[in-house]
Each structure stands twice: as structure tokens, then as C-alpha cells.
Amino acid sequence: MNQTFKLGLALFLVLGAVLLRFLPHPANFAPIAALALFSGVYLNKKYALVVPVAAMLASDFFIGYYDWRLMSVVYSCFLISGLVGLWLRKHKNSVAIIGGTFISSLVFFLVTNLAVWAFSSWYHHNWQGLLYCYSLALPFFRNTMLGDLFYVGVLFGLYETVLILAKRQILLRKTI
């Protein structure tokens, strides 16, 4: 892929992720982690980390910002997803992609809920409060996982399908 195409794809992905965050959806069923994984695998290294953060910043501008400590943790989790995507670039197969998606979802669940427990007054700051925080967050983890798997399937599936079709078209032209 040439640089212009990659830049156009990155901008398209940011715009698409922003728009998807505005559509009605279950809590945490969002495309950002999948976008980070996809960017890490298929875009330049600099885009792998910039694309998910740009999508979050752009959509949060309209949705609203919140506690900067929690925001920094959430954004950091998406950067970690981008790093997982960079690792997947060299290990790309179905099992690794599903595993990377699971790891990304699990890191997001564990780290963001630890931050909610630590930075908010919603829970007692003891072991029982932490466990209570995680137990209440389990439905969000389910939605995170389902959303990540869905959007990874869509992004990776569409992209790979387009690549296969483009290669077949090139081969057809060469045989004619």
C-alpha cells in the first residue's frame, strides 16, 4: 500500500469509528479496540497508535470529556491494543487475531475497572470494594468482548476480502 492510501484509510477509519460511537449501541460495544488492533496490523506503526486515540479524542469532543485520570487510562488501554496489533502483524492468523482480541478486551476490563475503583468514590478502597467493582463490571466486559470480536471480524474480514478480490482481479488482467 502506498502512503496516500494508508493515510486515506486511517482517516476513513477514524471517521467511521467516530460515527459508530454516536449510533445507539450497548454499553462498551464499540469499535475502538478493534480499530487499534486493525491499525497495528495493517497501517504504518505511527498510525497504529494515532488512529484509535484520534477517534477517541474526536468523538469525546462531542460526547464529553470526563475525569482526566480515567480518560488517560482508557486511552492507554487503546494504545496497548495498538501494540498488540503491531505484534499481530508478524503473527497474523485466525487464532492469533482472536487471542489478541481477547487479550485486548481483558486488559481493558482489568485496567479500566481498577482505575474506576482507585480514582472514584463509588467503591470502598479495600479488597471487597475492588471485587465488587469488578463484579458489577462483568456485563460491560461481556459487551466489550462481543463488540471487539464483532468489529475485529468486520474490519479484518472486509480488508482481507478486498485484498483477495483485488489480487484475483490483477491475476485476471494478466491472463487476458
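Residues numbered from 1 in each chain as written. Predicted model: local features only at pLDDT ≥ 70, side-chain atom pairs only at ≥ 80, totals over all residues. Heavy atoms only, no water.

Trainee: Help me understand the pattern of salt bridges in this model?
Mentor: Here the idea is simple: oppositely charged side chains can pair when their charged atoms come close. Under the definition given, this model contains 2 salt bridges. Its salt-bridge partner being Lys92, residue Glu160 comes within 3.0 Å of it at the nearest N-O pair. Of this pair, Glu160 sits in helix H6 (residues 127-175) while Lys92 sits in the loop between helix H4 (68-89) and helix H5 (94-119), placing them 68 residues apart in sequence. With a relative accessible area of 26%, Glu160 lands in the partly exposed category. (Salt bridge = Lys/Arg side-chain N within 4 Å of Asp/Glu carboxyl O. Helix = DSSP H or I, 4+ residues; strand = E, 2+ residues; numbered from the N terminus. Buried < 20%, exposed > 50% of the residue type's maximum accessible area, 1.4 Å probe, protein only.)

Trainee: Where do I start with the confidence of the model for the chain in this structure?
Mentor: Close inspection of predicted coordinates is inappropriate in any region flagged by low pLDDT. Confidence in the prediction for the chain averages 86 pLDDT; 89% of positions are at 70 or higher. The least confident element of the chain is helix H1 (residues 3-22), whose mean pLDDT is 69; the most confident is H5, at 96. (pLDDT = per-residue confidence, 0-100.)

Trainee: Quick question: what am I supposed to make of the nonpolar core here?
Mentor: The tendency in soluble globular proteins is for nonpolar side chains to be buried side by side. Within the largest apolar cluster, 16 residues are counted, with the highest numbers of intra-cluster contacts made by Met56, Val74, Tyr75 and Phe78. Each residue touching Phe78, except ones within four places of it in the same chain, is listed here: Ile32, Ala33, Ala36, Pro52, Met56 and Phe108. In this structure, Ala34, Phe38, Val152 and Leu155 belong to the second largest nonpolar core, which totals 14 residues. (Core = buried A, V, L, I, M, F, W, Y, C linked by side-chain atoms within 4.5 Å. Contact = heavy atoms within 4.5 Å.)

Trainee: Where do I start with H5 in this structure?
Mentor: Residues spaced three or four apart along an α-helix point in a common direction, a consequence of the helix completing one turn every 3.6 residues. Given a rise of 1.5 Å per residue, 26 residues ought to cover 38 Å, and the 37 Å separating the end C-alpha atoms of H5 matches this to within 8%. Backbone nitrogen of Val95 and a side-chain oxygen of the N-cap are separated by 3.0 Å at the start of H5; the cap is Asn93. (Expected span 1.5 Å × (residues − 1). Polar contact = N/O pair within 3.5 Å; in protein donor to acceptor, adjacent residues only side chain to side chain.)

Trainee: Hey, could you run me through the packing of H4 against H5 in this one?
Mentor: Interaxial distance between H4 and H5 falls to 9 Å at its minimum, and their mutual angle equals 165°. By the angle between their axes, H4 is roughly antiparallel relative to H5. For the pair H4 and H5, the crossing hand works out as right-handed. Where H4 abuts H5, its residues Arg69, Leu70, Val73, Val74, Cys77, Phe78, Ile80, Ser81, Val84, Trp87 and Leu88 lie against Ala96, Ile97, Gly100, Ser104, Val107, Phe108, Val111, Thr112, Ala115, Val116 and Phe119. In terms of residue class, the contact of H4 with H5 is built from 17 nonpolar, 4 polar and 1 charged. (Axes fitted to C-alpha atoms, helices over the stretch in contact; angles between N-to-C directions. Parallel < 35°, antiparallel > 145°, perpendicular 65-115°, else oblique. Left-handed = near helix turned anticlockwise from the far one by under 90°. Nonpolar A, V, L, I, M, F, W, Y, C, P; charged D, E, K, R; others polar.)

Trainee: Looking at this structure, how should I read unusual backbone geometry?
Mentor: Backbone geometry places Asn28, a non-glycine residue, at a positive phi of 70°. The residue Asn28 is located in the loop between H1 and helix H2 (32-42) in this model. Since its relative accessible area comes to 32%, Asn28 is described here as partly exposed.

Trainee: Help me out: how do you make sense of the packing of aromatic side chains in this one?
Mentor: Geometry of an aromatic ring pair is reported as the spacing of the ring centres plus the angle between the planes. Applying the stated criterion to the full structure yields 12 aromatic pairs. With a centroid separation of 4.8 Å and an interplanar angle of 45°, the aromatic rings of Phe38 and Tyr42 are classed as tilted. A residue pair is termed a helical-turn pair when its members lie 3 or 4 positions apart in one helix, as Phe38 and Tyr42 do in helix H2 at 4 residues. A relative accessible area of 2% places Phe38 in the buried class. Between Phe38 and Phe156, the ring centres sit 5.7 Å apart and the planes meet at 90°, which makes this aromatic pair edge-to-face. With a gap of 118 residues between them, Phe38 in helix H2 and Phe156 in helix H6 connect regions that are remote in the sequence. An identical accessibility class is assigned to Phe38 and Phe156; each is buried. The structure contains a cluster of three or more aromatic residues connected by ring pairs, namely Phe38, Tyr42, Phe156 and Tyr159. (Phe/Tyr/Trp six-rings, centres within 6.5 Å; stacked < 30°, edge-to-face > 60°.)

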